[in-house]
Amino acid sequence: MEFSIKSGSPEKQRSACVVVGVFEPRKLTLPAELLDNAARNYISDIIRRGDMEGKPGTTLLLHNVPGTLCDRVLLVGLGKEKEFREKEYCDAIRTAVKTLNETGSFDGTLFLTETSVKKRSVAWRIRQATLVAQETVYRFDQFKSKKDEVRRPLRKLTFAVERRNELAPAEEALIQGLAIAEGMALAKNLGNLPGNVCTPAHLAETAQKIAQDLAASCAIECQILEREEMAALGMGSLLSVAQGSRQPPKLIVLRYRGGRAEEKPVVLVGKGITFDTGGISLKPGAEMDEMKFDMCGAASVLGTLKAAALMRLPLNLTAIVPAAENMPGGAASRPGDIVTSMSGQTIEILNTDAEGRLILCDALTYAERFEPDTVVDVATLTGACVIALGHVASGLFANDDGLARDLLQAGDEAHDRAWHMPLWDDYQDQLRSPFADMANIGGRPAGSITAACFLSRFTKKYDWAHLDIAGTAWKSGTEKGATGRPVPLLAHFLLKKAGKLN
Ligand code: BES
Ligand code: MN
Ligand code: ZN
């Protein structure tokens, strides 16, 4: 889809459809009022008859509205003006784009982007509208032999801004929104691919392709470490997870250098379990298909790096993805096995289904060599996090309160929220092992916290945060599919760091 920004009056738009908002009860927004004036109260007359209350989620499509140059006018309900906030704004954009796409408009001009949202700038509104629009038209149908095509799909969207001096920040926000949307689409596509296609090798090839495609326009490079190289580095913990699978593990390192040479990088580490059967501690059968999403952390860090590179952010960024498949089999590790991690610490594997932390710990030790400014790992780590926070917030853990605050704020700003969880030493005791330096599980209580505590033992040399996205990375049920989260959170974190947030 094509996007553009415009400032101008709604009645003068030569567009297949002009979209304006109506607050509840029956209160026209300013652009709607302008249209109504040009149309000699045609719209307010219709509204008075009760066809549009302004309730959220409702729409009314009008044809041949007098006094206007567009083919159609779409009224979108915004709910009560006092309750109109971030979520309501995004919902209204979604409703508008969905309706435009289904009603055969080739192009549309949205005046919803002129509606003010408390505490949010024009740039925020445009960035968010772009993201939501791209999300609304996203389809994953590459494995369907018959695709349900939209008959006359929406091809071009124009976002209106009130004043001419808002054009420049809006243009920049549009470019950012498109980049973040592309990163999200990459994350979703990788997440949605089945485990027989999205193997560790496939993740590695995807990372290499990102580097190839962008190499002409920025400094980006990809390196893949094979099993032998990981063995030479002493990554016994990571390799123990892969040893039950026919799929060879990969350690993917994708580096983007947009900052000065001496500037320390932000390192993003993503859990890349391409399928999690649980291993010898086999998972029950119900919904096990969803464990193809166990590489969504990896997908999100690759997506975020791609977005940052597309935005040419002036900072250095490194994505590290430990990728493996967790399978049972004759060569698989068994409960009670003891492995030695790259850090030298030994781990008793009491449950082979707690494999995420086993691959992450070696990747986190590997991250030290980049002398990071900050390390953030992203992982579908624990079912316990889903119990704690549901599908709304990602779990956030950090060894630095400033970093935690910045990530929370980025999540808030991107409407991709996280919630700060404790990482107190009091929980560390649960990881005691009689035979090794630690066990890989801490029992049922506080499962997402003890998982984070495990990781914290490998991140003492830098500022580090951990995002548990087990509840937010994908949706189950009829809308099953990857969400692309937390690409928006991470992208906003980086935008802010680069001083590019308006
Ligand atoms: N990938 C799972 C976590 C998960 C489970 C995410 C369900 C989303 C939905 C992870 O590898 C896992 O199996 N964790 C175990 C840890 C336990 C054995 C300590 C869990 O959460 O049950
Ligand atoms: Mn598992
Ligand atoms: Zn897992």
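Computed from a prediction, not measured in an experiment: that's the story for all the values here.

Caption draft 1: Region of the structure containing the coordination of the zinc ion (ligand 3). Protein coordination at the zinc ion (ligand 3): the donors are Lys271 (NZ), Asp276 (OD), Asp294 (OD) and Glu355 (OE), at 2.0 to 2.4 Å from the metal. Taken together, the six donor atoms coordinating the zinc ion (ligand 3) span angles of 78 to 175° at the metal, a pattern that classifies the geometry as octahedral. Going along the chain, you hit the donors of the zinc ion (ligand 3) in the pattern K-x4-D-x17-D-x60-E. Taken as an interatomic distance, the gap from the zinc ion (ligand 3) to the manganese ion (ligand 2) is 3.2 Å; Asp276 donates to each of them. On the criterion of sequence distance, the pair formed by Asp276 in strand E11 (residues 272-276) and Glu355 in the loop between strand E14 (346-349) and helix H10 (356-367) is long-range, its members being 79 residues apart. We classify Glu355 as buried; its relative accessible area is 1%.

Caption draft 2: Geometry of the environment of Asn41. Looking at the secondary structure, you find Asn41 in the loop between helix H1 (30-38) and helix H2 (42-48). Separated by 130 residues in the primary sequence, Asn41 and Glu171 place their C-alpha atoms 33 Å from one another.

Caption draft 3: Up close: unusual backbone geometry. Here Glu24 and Pro25 are connected by a cis peptide whose omega angle stands at 0°. Omega for the peptide link from Arg485 to Pro486 comes to 0°, which places this bond in the cis form. For Pro486, the position within the fold is in the loop between strand E21 (481-482) and helix H14 (487-497). For Arg312, which is not a glycine, the phi torsion comes out positive at approximately 50°. Structurally, the position occupied by Arg312 is in the loop between helix H9 (296-310) and strand E12 (316-326). With a phi angle near 40°, Glu371 is a residue other than glycine that sits in the positive phi range. Inspection of the secondary structure puts Glu371 in the loop between H10 and strand E15 (374-379). With a relative accessible area of 55%, Glu371 lands in the exposed category.

Caption draft 4: Fine view of the coordination of the manganese ion (ligand 2). The protein atoms that coordinate the manganese ion (ligand 2) are Asp276 (OD), Asp353 (O), Asp353 (OD) and Glu355 (OE), at distances of 2.0 to 2.2 Å. All donor residues of the manganese ion (ligand 2) come from one chain, and their arrangement in sequence is D-x76-D-x1-E. Note on Asp353: relative accessible area 22%, which makes it partly exposed.

Caption draft 5: Broad picture of the pattern of salt bridges. Under the defined criterion, the tally for this structure stands at 28 salt bridges. The partner of Glu182 in a salt bridge is Lys306, and the shortest N-O contact between them spans 3.4 Å. Of this pair, Glu182 sits in helix H5 (residues 167-192) while Lys306 sits in helix H9, and the two are 124 residues apart along the sequence. Three or more residues are tied together by salt bridges with common partners; here these are Glu86, Arg120 and Glu413.

Caption draft 6: Spotlight on the packing of H5 against H9. At a closest axis distance of 8 Å, the pairing of H5 and H9 adopts a crossing angle of 155°. Taken together, the axes of H5 and H9 are roughly antiparallel relative to one another. By crossing handedness, the relation of H5 to H9 is classed as right-handed. Within the contact between the two elements, H5 uses Ala179, Ile180, Glu182, Gly183, Leu186, Ala187, Leu190 and Gly191 and H9 uses Cys296, Ala299, Ser300, Leu302, Gly303, Lys306, Ala307 and Leu310.

Caption draft 7: Region of interest: helix H3 (residues 86-102). The end-to-end C-alpha distance of H3, which contains 17 residues, comes to 25 Å, matching closely the 24 Å that a straight helix rising 1.5 Å per residue would cover. Taken together, the buried positions of H3 are Glu86, Tyr89, Cys90, Ala92, Ile93, Thr95, Ala96, Val97, Thr99, Leu100 and Asn101. Elements in contact with the buried residues of H3: strand E2 (17-24), strand E4 (59-63), strand E5 (72-80), strand E6 (107-110), helix H4 (122-136) and strand E7 (156-160). Of the residues trailing H3, Gly104 is marked for its positive phi of about 80°.

Caption draft 8: Summary view of helix H6 (residues 200-214). An ideal rise of 1.5 Å per residue puts 21 Å on 15 residues; H6 measures up with 22 Å between its terminal C-alpha atoms. Here H6 has its buried residues at Pro200, Leu203, Ala204, Thr206, Ala207, Ile210, Ala211 and Leu214. Looking straight down H6, one finds its buried side chains confined to an arc of 160°; they lie on one side. Facing away from the buried side of H6 by over 90 degrees, the exposed positions are Gln212 and Asp213. Packed against the buried residues of H6 are H5, strand E8 (220-225), strand E9 (250-257), E11, H9 and E12.

What counts, and where the lines are drawn
- Residues numbered from 1 in each chain as written.
- Chains lettered and ligands numbered in written order.
- Predicted model: local features only at pLDDT ≥ 70, side-chain atom pairs only at ≥ 80, totals over all residues.
- Heavy atoms only, no water.
- Donors = N, O, S within 2.8 Å, 3.2 Å for Na, K, Ca; no water.
- Tetrahedral: all angles 85-135°; square planar, octahedral: opposite > 155°, others 65-115°.
- Helix = DSSP H or I, 4+ residues; strand = E, 2+ residues; numbered from the N terminus.
- Buried < 20%, exposed > 50% of the residue type's maximum accessible area, 1.4 Å probe, protein only.
- Salt bridge = Lys/Arg side-chain N within 4 Å of Asp/Glu carboxyl O.
- Axes fitted to C-alpha atoms, helices over the stretch in contact; angles between N-to-C directions.
- Parallel < 35°, antiparallel > 145°, perpendicular 65-115°, else oblique.
- Left-handed = near helix turned anticlockwise from the far one by under 90°.
- Contact = heavy atoms within 4.5 Å.
- Expected span 1.5 Å × (residues − 1).
- Arc of directions from axis to C-beta.

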